[in-house]
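Examination of the molecular architecture
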Amino acid sequence: MRLSLSKSLVPIAILTLSLLLRLPYFLDYPIFRLDELYECLWSYLVSLGKLYPLTNTAPFIGALYNYLAALLYALSPSVASFRLLPVIAGSLTLFIFYFLVRDVIKDRITALISSLILALMPPHILIASHVAWSASLTPLLFTLSLYLIWKAYRSGSKLYWVITGIVVGLAIQSHPSIIASYTGIVLASSYIFRLKVLRIAKSVAPWLITGFLIGYANMVVYNIVNPLHSLMFMAQARWTGISSGLTIFEYLRRLRFITIEYVTMYPSGIPIITLLYYMKQPLFYIFTALFTILIILAVLRSRAGRALLIYLMATLCILALGTRGFMVFNIFGFTWGPHYLQQLTPLTAMLLSLGFLSIRKFKIKLNYLRLLKGVLLGFSLFMIMVWPTLNMFAMQTYFYRNGYTNQAFLSVLNTIDEKYGNIPMYIIYDNPYRDPALTTLHFIAVLEGVNVYPRMDKDVIVTLRDMGVKMVGENVIRRYVESVVRESTNEFVNELYKSGIGAIVMSPNKVAISALKELGLEGNFTVIDEQVIGMGNVPIFRVVVIEELSSCKC
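This section reports on the structure supplied with the text. These figures come from a predicted structure and were not determined experimentally.

Where helix α2 (residues 34-47) contacts helix α20 (residues 436-447), the axes come no closer than 10 Å and their chain directions differ by 25 degrees. The angle between α2 and α20 falls in the class roughly parallel. Of the two possible hands of crossing, α2 and α20 adopt the one that is left-handed. Where α2 approaches α20, its residues Leu34, Leu37, Tyr38, Cys40, Leu41 and Tyr44 are matched on the opposing element by Pro436, Thr439, Thr440, Phe443, Ile444, Val446 and Leu447.

Mapped onto the secondary structure, Pro282 falls in helix α15 (residues 282-301). A sequence separation of 208 residues divides Pro282 from Ala74, and the C-alpha atoms of the two residues are 48 Å apart.

What follows deals with the packing of helix α16 (residues 303-322) against helix α17 (residues 345-360). Between α16 and α17, whose axes approach to 10 Å, the crossing angle comes to 150 degrees. Considering the relative orientation of α16 and α17, their crossing is left-handed. Counting all contacts with α16, which are made through Ala304, Gly305, Leu308, Tyr311 and Leu312, the residues of α17 involved are Leu347, Thr348, Met350, Leu351 and Leu354. Residue composition of the contact of α16 with α17, grouped by class: eight nonpolar, two polar and no charged.

This brings us to a nonpolar patch on the surface. A cluster of nonpolar residues, Leu275, Leu276, Met279 and Tyr285, forms a patch on the protein surface that exposes about 390 Å² of accessible area. Along the chain, Met279 falls in the loop between α14 (275-278) and α15.

Turning to the side chain of Arg83, a few remarks are in order. The residue Arg83 is located in helix α4 (residues 79-105) in this model. For Arg83, a relative accessible area of 0% gives the class buried. A polar side-chain atom of Arg83 sits 2.8 Å from the main-chain carbonyl oxygen of Pro30. Within the structure, Arg83 has its side chain in polar contact with the backbone oxygen of His130 (distance 2.8 Å). Not counting chain neighbours up to four residues away, the residues in contact with Arg83 comprise Phe26, Leu27, Tyr29, Pro30, Ile31, Phe32, Glu36, Ser129, His130, Val131, Ala132 and Asn406.

The rules behind the values
Residues numbered from 1 in each chain as written. Predicted model: local features only at pLDDT ≥ 70, side-chain atom pairs only at ≥ 80, totals over all residues. Heavy atoms only, no water. Axes fitted to C-alpha atoms, helices over the stretch in contact; angles between N-to-C directions. Helix = DSSP H or I, 4+ residues; strand = E, 2+ residues; numbered from the N terminus. Parallel < 35°, antiparallel > 145°, perpendicular 65-115°, else oblique. Left-handed = near helix turned anticlockwise from the far one by under 90°. Contact = heavy atoms within 4.5 Å. Nonpolar A, V, L, I, M, F, W, Y, C, P; charged D, E, K, R; others polar. Patch = residues over 30% accessible without salt bridge, like charges linked within 9 Å, V, L, I, M, F, W, Y side chains within 5 Å. Areas by Shrake-Rupley, 256 points an atom, 1.4 Å probe, with all protein chains shown as cover. Salt bridge = Lys/Arg side-chain N within 4 Å of Asp/Glu carboxyl O. Buried < 20%, exposed > 50% of the residue type's maximum accessible area, 1.4 Å probe, protein only. Polar contact = N/O pair within 3.5 Å; in protein donor to acceptor, adjacent residues only side chain to side chain.

In structure tokens:
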């Protein structure tokens with residue numbers, strides 16, 4: 001009984017550790033991306049019962065994330081709820097991953113080391129477990145599908161194969177890039193099982209396909225009603241690699257980029273930190289050397305290690321077809337970062353653990369050499385597991401102290417609410433919905449239930465989404481935006497006169513008096529509070545609280 005209890009406590013302890021590592025800064029960092037917030041707004045509409053979509057904001061991604069996020073948001077209507085979902089999903093990945101490695105490798109130590117590596121892995125903490133979008137579900141669903149594939153194969157149960165197909169369908173609708181990983185798994189399995197793979201596939205295909213059609217049903221229906229629109233959109237969307245021309249030189253450039261991105265995401269998980277920066281750190285060379293040595297050892301001494309390397313290489317080669325192969329820096333939301341590489345993190349952790357296992361199996365007779373082996377093994381574990389995590393938290397602390405977090409947005413809303421209540425707030429855009437800082441604040445304000453203008457009702461959110469994904473002409477966008485802004489301006493001014501107090505948020509370069517003139521409030525309202533909000537030394541917007549002169553207590 002004690003042994004059974006101790007065995008069950010290990011995955012529970014891993015789950016607890018995962019949560020403890022993923023909860024710090026989960027709302028503050030990374031900074032919200034606009035496409036992340038669009039998915040949150042989509043989910044927000046679902047939670048209000050105003051939208052029942054078949055797809056996410058991008059029609060090649062399913063709506064699974066939106067419904068799960070809407071459920072959490074309905075329980076606690078705050079932007080934090082959206083970030084909490086990937087924290088939970090990331091932690092559950094570790095729980096399932098432990099059982100996957102334990103059952104496949106049949107070694108609890110390897111399962112424990114694999115899980116600890118993944119639990120402490122910065123990219124899985126910061127990207128897969130913090131960013132509130134559908135792609136953050138991919139590592140969980142992929143890991144769960146692998147575990148179910150193994151259980152179905154070992155048991156021969158048709159029901160298991162149906163359930164496996166359902167999870168595969170859910171994984172692909174969470175982000176279609178996971179198809180690269182499934183292709184890699186097929187190739188790796190072919191190496192392990194040879195022609196047996198074909199016999200297994202032939203016998204289970206009807207059950208697997210049945211499950212897949214259930215798990216992918218919403219996307220199937222969407223692409224029947226809108227014939228193959230997901231594929232056509234993916235081929236045309238300007239942010240995918242499929243939409244641009246591909247030559248052998250372009251493909252090699254992308255493959256080089258994605259490989260460097262894969263390597264550099266492990267030391268801290270922060271994608272804007274370049275290879276040149278890491279090359280100035282001596283510990284980076286030690287980390288990279290140990291990372292490489294462990295993979296080599298796993299490949300040389302383990303058939304499973306060679307299969308995992310085939311998986312990694314195949315997946316990277318396929319992903320290079322679909323990515324643009326560059327990243328644009330923007331403190332308000334750059335590409336966070338290699339989100340399509342998070343599917344690789346679980347099995348990368350497993351591959352590294354096989355390297356540790358091979359070191360453990362070296363038989364040494366001399367005591368001092370055994371001691372030396374223990375020291376080297378401990379140092380290697382520290383460098384692969386602990387050093388990257390310490391590096392990540394150090395950088396997060398630096399960003400936090402210098403204001404490069406979501407607190408730049410959230411603290412403004414909290415301060416106004418604490419001092420003045422839920423007063424009407426107006427966002428003055430120089431270029432509506434194009435300023436990243438003002439748009440981010442606007443979207444967060446909607447999700448936080450702030451009385452904010454221009455209004456973001458269902459029609460506005462859906463239209464803004466359509467503008468982004470359907471490549472609507474600039475003249476159409478301008479006419480629509482102008483009508484929304486004009487109507488909202490009138491509503492805000494009317495409410496402002498009723499309440500006697502309100503807030504205006506504008507570009508940091510705009511002065512309060514010009515905003516009052518623009519809204520026709522000059523002479524009737526006065527500024528009672530004004531502050532320029534910045535990230536680090538960069539001003540991002542100006543917040544002005546105004547009060548009607550007839551009720552002013554100044």
